[in-house]
Amino acid sequence: EALKRVATQYRSTYNVPMLPGVLSENLLSLLPHEARPSITFSVTLSDELEPTGVSLRRTVLRSKRRLNYAAIDAIIEHGESDPDRELFRSCFALAQHLMDRRRSKGALAVYDLTKRVYTTEEGFLVPLDDEYAHKGNIIVQEFMILCNSAVAHFMAAQGIPFLYRNHTVRTAAPHRREIVEQLNTALLHPRLLDLLRQRTALWFNKATYDPVLTGHFGLNEVAYAHVTSPIRRSADLINQQLIAAYLDGTPLPHEHDQLVAMSAAINKRLSDVQESSRQYH
């Protein structure tokens, strides 16, 4: 059923969940104070924020609080009496440093809350809607990218079949260094942003899922995968099934040939959804 839907679809007034509501909104949801079986990914960082190790283990998680992104901002900026304020402030500071590190290494990484623009995973520069213009969004984004990359490297090193997230550019695209320079220039001169958006639409391919690792251009990562959202994306669900089998020492639920067919179906479905949305608008 998840493969038919591929991902949760978000509409303006309602959502179409990938998994039935009894699962996505109840039994699998991280409801506050409810024990939930989970897989925890722990990444160790050096003083320079380079990943030096990753561990994957089965855990039981109890969510402490349920918050939205705007609430995180309010706590960071004005929540002097909130018991978790220093934690959130530390998380935001770390997220900013992680994004700066990625940008310094050539990633097409922008998340500007002032100019209201950001880059997607694929490097496309898009307007930042109010819904996503929060410090909390940056925290989740950077921790997610760190986790996805570290786990992808780990699984590749183990030689275990996995669904990677690959991204390439077209032959007409300039060198990465020139793209970064144009991006920085456009941020200094906002009138150039629309022109840069038109150019990137001609430079970048859409990212795809594939069991063969080819790298991710937009993020400038040798290995990248989606593992953090198994409730709303089928690729993450498949990868967590593979991780669970690895941790339990049981036969893999999906072999390479199966992953080839699954990834092709997912890519086609996502492409069809994007085309349908484009035609609608």
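Residues numbered from 1 in each chain as written. Predicted model: local features only at pLDDT ≥ 70, side-chain atom pairs only at ≥ 80, totals over all residues. Heavy atoms only, no water.

Engineer: Please clarify how the pattern of salt bridges should be interpreted in this entry.
Structural biologist: By the definition in use, this model includes 18 salt bridges. Close ionic contact of E50 with K105 constitutes a salt bridge, the shortest N to O distance being 3.7 Å. Residue E50 is found in the loop between β3 (35-45) and β4 (51-62), and its partner K105 is found in the loop between α4 (85-104) and β5 (111-112); the two are separated by 55 residues along the sequence. As a salt-bridge pair, K135 and E77 come within 3.5 Å of each other at their nearest N and O atoms. Remark: E77 occurs in helix α3 (residues 69-78) and K135 occurs in helix α5 (residues 135-158); sequence separation between them is 58 residues. For E77, a relative accessible area of 36% puts it in the partly exposed group. (Salt bridge = Lys/Arg side-chain N within 4 Å of Asp/Glu carboxyl O. Helix = DSSP H or I, 4+ residues; strand = E, 2+ residues; numbered from the N terminus. Buried < 20%, exposed > 50% of the residue type's maximum accessible area, 1.4 Å probe, protein only.)

Engineer: I'm lost on the packing of aromatic side chains in this one. Help?
Structural biologist: To describe a pair of aromatic rings, you give the distance between the ring centres and the angle between the ring planes. Counted according to the given criterion, the structure contains six aromatic pairs. Judged by centre distance (5.3 Å) and plane angle (35°), the ring pair of Y111 and Y118 falls under tilted. Since its relative accessible area comes to 9%, Y111 is described here as buried. Ring centres 5.8 Å apart and planes at 75° place the aromatic pair F154 and Y246 in the edge-to-face group. With a gap of 92 residues between them, F154 in helix α5 and Y246 in helix α8 (residues 234-248) connect regions that are remote in the sequence. Grouping aromatic residues by their ring pairs yields a cluster made of F124, W203, F204 and F217. In this structure, R165 packs its charged tip against the face of Y209, placed 4.5 Å from the ring centre. Above the face of the F217 ring, R176 is positioned so that its terminal group lies 3.9 Å from the ring centre. (Phe/Tyr/Trp six-rings, centres within 6.5 Å; stacked < 30°, edge-to-face > 60°. Lys NZ or Arg CZ within 6 Å of the ring centre and 35° of its normal.)

Engineer: What is the right way to look at the confidence of the model for the chain in this model?
Structural biologist: Caution is warranted with low-pLDDT regions, since their predicted coordinates should not be read in detail. The share of residues in the chain with pLDDT of 70 or more is 100%, and the mean pLDDT across the chain is 93. Here strand β1 (residues 9-10) stands out as the element of the chain with the lowest mean pLDDT, 82, in contrast to strand β8 (residues 164-166), whose mean of 98 is the highest. (pLDDT = per-residue confidence, 0-100.)

Engineer: What is the right way to read the nonpolar core from this model?
Structural biologist: Within soluble globular proteins, side chains that are nonpolar tend to cluster in buried spots. If you look at the biggest cluster of nonpolar residues, it comprises 26 residues, and the most contacted ones within it are F41, V151, F162, V227 and I243. Of all the secondary-structure elements, those providing two or more residues to this core are β3, α5, α8 and α9 (256-280). Excluding residues within four positions of it along the chain, F162 makes contact with V151, A152, M155, D210, P211, A225, V227, N239, L242, I243 and L259. (Core = buried A, V, L, I, M, F, W, Y, C linked by side-chain atoms within 4.5 Å. Contact = heavy atoms within 4.5 Å.)

Engineer: I tried to follow the side chain of S63 on my own but got confused; where do I start?
Structural biologist: Considering the arrangement of structural elements, one finds S63 in the loop between β4 and α3. The class of S63 is buried, set by a relative accessible area of 14%. If near-sequence neighbours (up to four positions away) are discounted, S63 is found in contact with L30, L31, P32, H33 and E34.

Engineer: What is the right way to read the sheet that holds β5 from this model?
Structural biologist: Hydrogen bonding along the main chain pairs the strands of a sheet, whether they run parallel or antiparallel. The antiparallel open sheet is built from three strands, whose spatial order is β5-β6-β7. Strands with a single pairing partner mark the edges of an open sheet, and in this sheet they are β5 and β7 (125-127). The sheet contact formed by strand β6 (residues 117-119) and β7 spans three bridges and is antiparallel. Bridging across to β7, Y118 finds its partner in V126. Contacting β6 and β7, helix α7 (residues 193-203) runs over the sheet at an angle of about 130° to β7. (Pairing = 2+ DSSP bridges. Axes fitted to C-alpha atoms, helices over the stretch in contact; angles between N-to-C directions.)

Engineer: It is not clear to me how the pairing of β3 should be interpreted in this structure. Could you clarify?
Structural biologist: Within a regular strand, side chains alternate between the sheet's two faces. Note that β3 and β4 share eleven bridges and pair antiparallel. Of the residues in β4, the one forming a bridge with T40 is R57. Taking the residues between adjacent antiparallel strands as the criterion, β3 and β4 are bridged by five residues, where L49 takes a positive phi near 65°.

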